[in-house]
Amino acid sequence: IGIMGGVGSGKSTVLEYLEKQYHACIIQSDLVAKEIMTKGHEVCSRVLKEFPDVNCNGNIDRNKLAEIVFHDEEKLKKLNSITHPGTILEIRKRISECSCSVIVVESALMIGSGIENDCDELWFIYCEKEERIARLMQSRGYSRQKAMDIISSQPSDEAYNCYADEFIDNTGSPENTQEQIDFVMNKDGCQV
């Protein structure tokens, strides 16, 4: 199952429920991307080779790297050309190694990444914009403007929904969201 949706939509809540209730193997693309940028991973070595100034005893100085790519579009493209395929490769490796009957991959940038092709179905986790803003302000301490800026920089709800096989409205109570998940997971009369 591929889980997609914008920041503050509550994808983590859905992941937690799928893990607890359905014993799903959870793979979060952001966490995978961070892991492969640590010492001992091939992607880390390739980044250090391409950006030697960020080498800090075999680790990547993430602040220095951010400063470099933030101001240089070509260097950002080069970094992405290393990290994005490396992340996809690691996600596919984890999928192949997982023995769970339910595997869930979460990614804010699912569509166009290639991972969508590895999923039997895609779920769009929806939440009303004002609720997302409130969640981001409360959970992350963002200003209203910062929350709105981040939301507007991501794909629209329509863009996510047009690729989705399932639509989960996570605006209401956790129980309401769980009912929707249970319905989707059991809709063909096959309990997972």
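Above this text is the structure in question.
What counts as what
Residues numbered from 1 in each chain as written. Predicted model: local features only at pLDDT ≥ 70, side-chain atom pairs only at ≥ 80, totals over all residues. Heavy atoms only, no water. 1 Å grid on protein atoms, 1.4 Å probe; cavity = no way out; pocket = protein on both sides within 12 Å on 5 of 7 lines; lining within 4 Å. Points joined across faces, edges and corners; volume = space filled by probe spheres on them. Helix = DSSP H or I, 4+ residues; strand = E, 2+ residues; numbered from the N terminus. Nonpolar A, V, L, I, M, F, W, Y, C, P; charged D, E, K, R; others polar. Buried < 20%, exposed > 50% of the residue type's maximum accessible area, 1.4 Å probe, protein only. Pairing = 2+ DSSP bridges. Axes fitted to C-alpha atoms, helices over the stretch in contact; angles between N-to-C directions. Parallel < 35°, antiparallel > 145°, perpendicular 65-115°, else oblique. Left-handed = near helix turned anticlockwise from the far one by under 90°. Contact = heavy atoms within 4.5 Å.

(A) Representation of the layout of surface pockets. One number sums up the size of the largest pocket: a volume of about 1500 Å³. Considering the residues around the largest pocket, the lining is formed by 44 residues, among which Ser29, Asp30, Leu31, Lys34 and Ala108 are closest to the centre. Those elements that place two or more of their residues in the lining of the largest pocket are α1 (11-22), α2 (29-35), α4 (62-70), α5 (73-97), α6 (129-140) and α7 (144-153). At 8 residues, the largest contribution of residues to the lining of the largest pocket is made by α5. A per-class count over the lining of the largest pocket returns 19 nonpolar, 18 polar and 7 charged.

(B) Spotlight on the pairing of strand β7 (residues 166-169). The two faces of β7 differ: Glu166 and Ile168 on one face are buried, but Phe167 and Asp169 on the other face are not. With 4 bridges connecting them, strand β6 (residues 122-126) and β7 associate as parallel partners. Across the sheet, Phe124 pairs through a bridge with Phe167, a residue of β7.

(C) Region of the structure containing the packing of α6 against α7. α7 packs onto α6 with a crossing angle of 125° between their chain directions and a minimal axis gap of 9 Å. On the basis of their axis angle, the class for α6 and α7 is oblique. As α6 runs across α7, the sense of the crossing is right-handed. Only Arg144, Ala147, Met148 and Ile151 of α7 make contact with α6, whose side of the interface consists of Lys129, Glu130, Arg132, Ile133, Leu136 and Met137. Taken together, the residues of the contact of α6 with α7 break down into 6 nonpolar, no polar and 4 charged.

(D) Layout of the side chain of Ser9. You can see Ser9 is positioned in the loop between β1 (2-4) and α1. Using a relative accessible area of 1% as the deciding quantity, one classes Ser9 as buried. With residues up to four places along the chain from it excluded, the contact list for Ser9 reads Ile125, Tyr126, Cys127, Arg132, Arg135 and Asn170.

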